[in-house]
Amino acid sequence: MELDRIENLLEKYFEGETSIAEEKELKVYFSSGDVAQHLEQYKAIFGYFSEAKEQKFGQKVPLKTTKRNVAWLSIAASVVVLLGMFTFYNYNMNQNQDLGTYDDPQKAFEETQRALNLLSKNVNVGVQSMEYVNEYQESKELIFKN
Amino acid sequence: MNQLEFVNLTNPFKDKLFRLAKRLLVSTEEAEDATQEVLVKLWDKKQGLDKYNNVEAFAMTMTKNYCLDQLKSKRASNLQIVHNNFTDRTPLMQQQLEDSDSLSWVEKIINELPEQQRLIVQFRDVEQYEFEEIAKMMEMNETAVRVALSRARKTIREFMTKTHNYGIG
């Protein structure tokens, strides 16, 4: 590369008039081994620019998706609650559905009779215990005949 | 936009954001925090990102503004003194002379430039953006960008020539 050209480019460079391509050319020249003695002081400048471009950002950025998470969380929670209520009701319904019916009419008749017997027996027990009230009635009638 | 798409979208320029933040804030930790902050903000805005035809330029502008805000709030607090010490060049020159690594001299000189010039040098000389893009990101016109860039480059040259001559002498 001609030295004249580099000197011209340098002049333009310090006036802020070089293009990106021309600046790249300068960088290449100054990173090469043979830089003219009187241009030595610029070597560090262009060397620094190339070096500075090598710095990397190595950290992980914590990208939070909180908004969406909260939404999904509430949806999931309500689904769980609904499912829970559903199964709970279903379970209760199944329990209530046992109404004690019989398929065989004969058996149903016997069971009904037994139930009615049981009822009447118990009613009779109640009635028997009320017998003595009648005694009162009779004695009362005896006394207050007139 | 899911996380993978977002990472793919931001990967090509996330290093540029970091370098820009570091140019302004100098400290690596602060630059990392700033880059994270900007990327998270970008992620929060992901629904509206399609509106911007150049997400990279948008993110760069965001980083620039964020870092300038950081500097402003820092300057408002007692860190003012630290910054004044930093711009005082006399002790720094001696330090520079002791420093054998000339690349870090360049870094120090650039980091002492006014923020606007620092940004433009970063955009142009490090990241190699076109003037048109720089003008947009800086909210300046192209001529003003060129002038500021030329001024910054000349300042760097002046210091390098000085230190170079000291080195020889």
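A quick note: this is a predicted structure, and the numbers were derived from the prediction, not measured.

### Observations regarding the interface of chain A and chain B
1) Next: Facing the 21 residues of chain A at the interface are 34 residues of chain B.
2) Next: Of all the elements in the fold, those that place two or more residues in the side of chain A that touches chain B are helix H1 (3-14) and helix H3 (40-52) of chain A.
3) Next: Ranked by the residues each element gives to the side of chain A that touches chain B, the list is headed by H3(A), at 9 residues.
4) Next: In terms of residue class, the side of chain A that touches chain B is built from 11 nonpolar, 5 polar and 5 charged.

### Some remarks on the environment of Ser31(A)
Residues and elements named next belong to chain A.
1) Next: Tracing the backbone shows serine 31 in helix H2 (residues 20-31).
2) Next: Spatially, the C-alpha atom of serine 31 lies 6.4 Å from that of glycine 47, the residues being 16 residues apart in sequence.
3) Next: Each residue touching serine 31, except ones within four places of it in the same chain, is listed here: Phe46, Gly47 and Ser50.

### Quick word on the environment of Ile109(B)
Residues and elements named next belong to chain B.
1) Next: In this structure, isoleucine 109 sits in helix H6 (residues 102-112).
2) Next: Put simply, isoleucine 109 and phenylalanine 159 are 50 residues apart on the chain and 7.4 Å apart in space, counted from C-alpha to C-alpha.
3) Next: Once residues lying within four places of it in the same chain are set aside, the contact partners of isoleucine 109 are Ile156 and Phe159.

The rules behind the values
Residues numbered from 1 in each chain as written. Chains lettered and ligands numbered in written order. Predicted model: local features only at pLDDT ≥ 70, side-chain atom pairs only at ≥ 80, totals over all residues. Contact = placed C-beta atoms within 7 Å. Helix = DSSP H or I, 4+ residues; strand = E, 2+ residues; numbered from the N terminus. Nonpolar A, V, L, I, M, F, W, Y, C, P; charged D, E, K, R; others polar.

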